[in-house]
Amino acid sequence: MSYLIEGESGDWDVVIGLEVHAQITSQAKLFSGSATAFGAGPNTQVSLVDAAMPGMLPVINEYCVEQAVKTGLGLKAQINRHSVFERKNYFYADLPQGYQISQFAEPIVGEGIVVLDMPDGTTREIGIERLHMEQDAGKSMHDQDPKRSFIDLNRSGVALMEIVSKPDLRSPEEAGMYVRKLRSILRYLGTCDGNMEEGSMRADVNVSVRPAGSGELRTRTETKNVNSVRFIMQVIEHESARQVQAYESDEEIVQETRLFDAARGETRSMRSKEFAHDYRYFPDPDLLPVVLSEDEVEAIRASLPELPDDIKQRFIDTMGLTAYDAGVLVADKETANYFEQVAKGHDAKIAANWVTGNLFGALNKAGRSIADSPVTADALSELLDLMADDTISGRIAKDVFEEMFETGRGAKQIVEDKGLEQITDTGAIEAAVDAVVTDNPDQVADFRGGNEKAIGWFVGQVMKATEGKANPKLVNELLRKKLAK
Ligand code: MN
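None of the values given here were measured: they were computed from a predicted structure.

A. Structural view of a negative patch on the surface. Residues Glu62, Glu66, Asp295 and Glu296 make up a contiguous surface patch of negative charge. Counting only elements with at least two residues in the negative patch, the list comes to α1 (62–74) and α4 (294–302). Note that Glu296 resides in helix α4. Relative accessible area serves as the criterion here: at 38%, Glu296 is assigned to the partly exposed category.

B. Broad picture of the nonpolar core. Judged by nonpolar contacts, the single largest core of 107 residues is most densely connected at Tyr178 and Leu383. Counting contributing residues per domain, this core is built from domain 1 (4–300) and domain 2 (306–418), each supplying no fewer than three. Counting 19 residues, the second largest nonpolar core, distinct from the first, contains Val436, Val459, Val475 and Leu479.

C. Layout of the domain arrangement of the protein. Domain assignment breaks the protein into domain 1 (4–300), domain 2 (306–418) and domain 3 (426–484). The distance between the C-alpha centroids of domain 1 and domain 3 comes to 65 Å.

D. Expanded view of the packing of helix α10 (residues 394–407) against helix α11 (residues 411–418). Their axes nearest at 10 Å, the elements α10 and α11 cross at an angle of 115 degrees. Once α10 is placed against α11, the crossing between them reads as right-handed. Note on element contacts: α11 touches α10 through Ala411, Ile414, Val415 and Lys418, opposite Val400, Glu403 and Met404. Among the residues making up the contact of α10 with α11, the classes are represented as five nonpolar, no polar and two charged.

Conventions we followed
Here the residue index of a chain counts from 1 through its sequence in written order. Where local features are concerned, this predicted model is filtered to residues with pLDDT of at least 70; where side-chain atom pairs are given and counted, the filter is 80 or more; whole-chain, interface and lining totals use all residues. Neither water nor hydrogens contribute to the side-chain values; these are computed over all heavy atoms in the structure. A residue counts toward a patch only above 30% relative accessible area and without a salt bridge, and it is joined to like-charged neighbours within 9 Å or, for Val, Leu, Ile, Met, Phe, Trp and Tyr, to nonpolar neighbours within 5 Å. Under the convention used here, a 1.4 Å probe and the Shrake-Rupley method define accessible areas, while residue burial counts only the protein chains that appear. Counted as salt bridges are all cases of a side-chain nitrogen of Lys or Arg within 4 Å of a carboxyl oxygen of Asp or Glu. Positive charges come from Lys and Arg alone, negative charges from Asp and Glu alone, with His and the N- and C-terminal ends not counted. Every charge is mapped to an atom, namely NZ of Lys, CZ of Arg, CG of Asp or CD of Glu. Secondary structure elements are defined from DSSP: runs of H or I of at least 4 residues count as helices, runs of E of at least 2 residues count as strands, and each element is numbered from the N terminus. Working definition: with a 1.4 Å probe on protein chains only, accessible area under 20% of the residue-type maximum means buried, over 50% means exposed, and in between means partly exposed. By nonpolar core we mean a set of buried residues, namely Ala, Val, Leu, Ile, Met, Phe, Trp, Tyr and Cys, connected to one another through side-chain atoms within 4.5 Å. A domain assignment, automatic or from a database, supplies the domain bounds used here. Orientation is described by lines fitted to C-alpha atoms, with helices fitted over the stretch in contact, and by angles between N-to-C directions that extend from 0 to 180 degrees. Here a crossing is taken to be left-handed if its near helix is turned anticlockwise relative to the far helix by less than a right angle, and right-handed if that turn runs clockwise. Any pair of residues with heavy atoms lying within 4.5 Å of one another is described as a contacting pair. Residue polarity follows a fixed list, in which Ala, Val, Leu, Ile, Met, Phe, Trp, Tyr, Cys and Pro are nonpolar, Asp, Glu, Lys and Arg are charged, and the others, Gly among them, are polar.

Structural data, given as structure tokens:
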């Protein structure tokens, strides 16, 4: 997928790297027992550790460490069995410690991979540079009072994974695909709920541009805390265009931190970028290094669920689905489960068509997700049964599906109540065939004169006469017999 920015001096490539902060799914924070539930009243989930009271000591939450390792394994990454928490020193009102406990020189997870499923059915690998654990800061609220700012420390100390990609992304679309895929993997793993609107996932977007094909890496800017896929893509579009314009006006791009203004769809300079050495990182003397045994890592590996890339391959290999369909079906866990349930005992391709076509279409139109679909997997499966045993035609099935979706009623019930069973009684179909043939001498002459395609018109007429209930195969057979005379 090539994305070029046209400048006056020629075309430009964009180079993108993302640092995604993903909240670890855990009942308690990274270094305290405080709750992490979303939406609690301000400062109701704050322990003395989270408020950085003097003398308080952090105690590592083992479960969060396991979750980070699990994530690393899901990203096919190297797990570092020795990692170190360090203090990242900076002052901010919502950071009562005066430093963030993070990992720097020795993160828990090293290089890994995220595989993108491209629209043409191919795949593309995006490198993961590292994954480290760190604690979140609190939240400053500047819009609650005309004169004062408030601080909510509920998030203070919540466990995060910072997942840093290599600068492998080349377009806004790819960046969007990457975030969606990463979110999907985290959800399959159960290590982050991925709810961006609740702040469980947000990205720092690093963007630079370079003359097309040059291969150099120029100065990048970092736009902080972007909290939706759409916004991430907007940041890249805006920021890359801005940089091209700057270079072409002989301006310099400085390494800096920028903010995204969602209302205006543009980025703004926030502060000149600090460098790692500005933070005076040093190992936190209150915490021992995290040391994992091989057995511990292997036990976590053994607990991994089947992940989207593997399920996709299985759908292709054992069900004969196309790479594209398989990719769409595994994009989220609920859809994959739903599809597997529908496909059981049915032709997988037919099941895939119903899920990605009729079901997705109806869900989209209704603005609903598959998790609250009015047609359950079992209900759709029943509808496919009715088609498979010729109780109804595919044409009628579409109407039945619509009614199922609207009313939540079962397929069998609808078919019975409305008398939609397919007519397989040869006599009844023959009568309709006879009538159509008798009433349309011109078309009959046309067909007999060699226009084979006219058969479609006859089939349509008979189906119309039988309200779509005639078995199309029988109609075809009987018509051909009749017209041959
Ligand atoms: Mn971070």
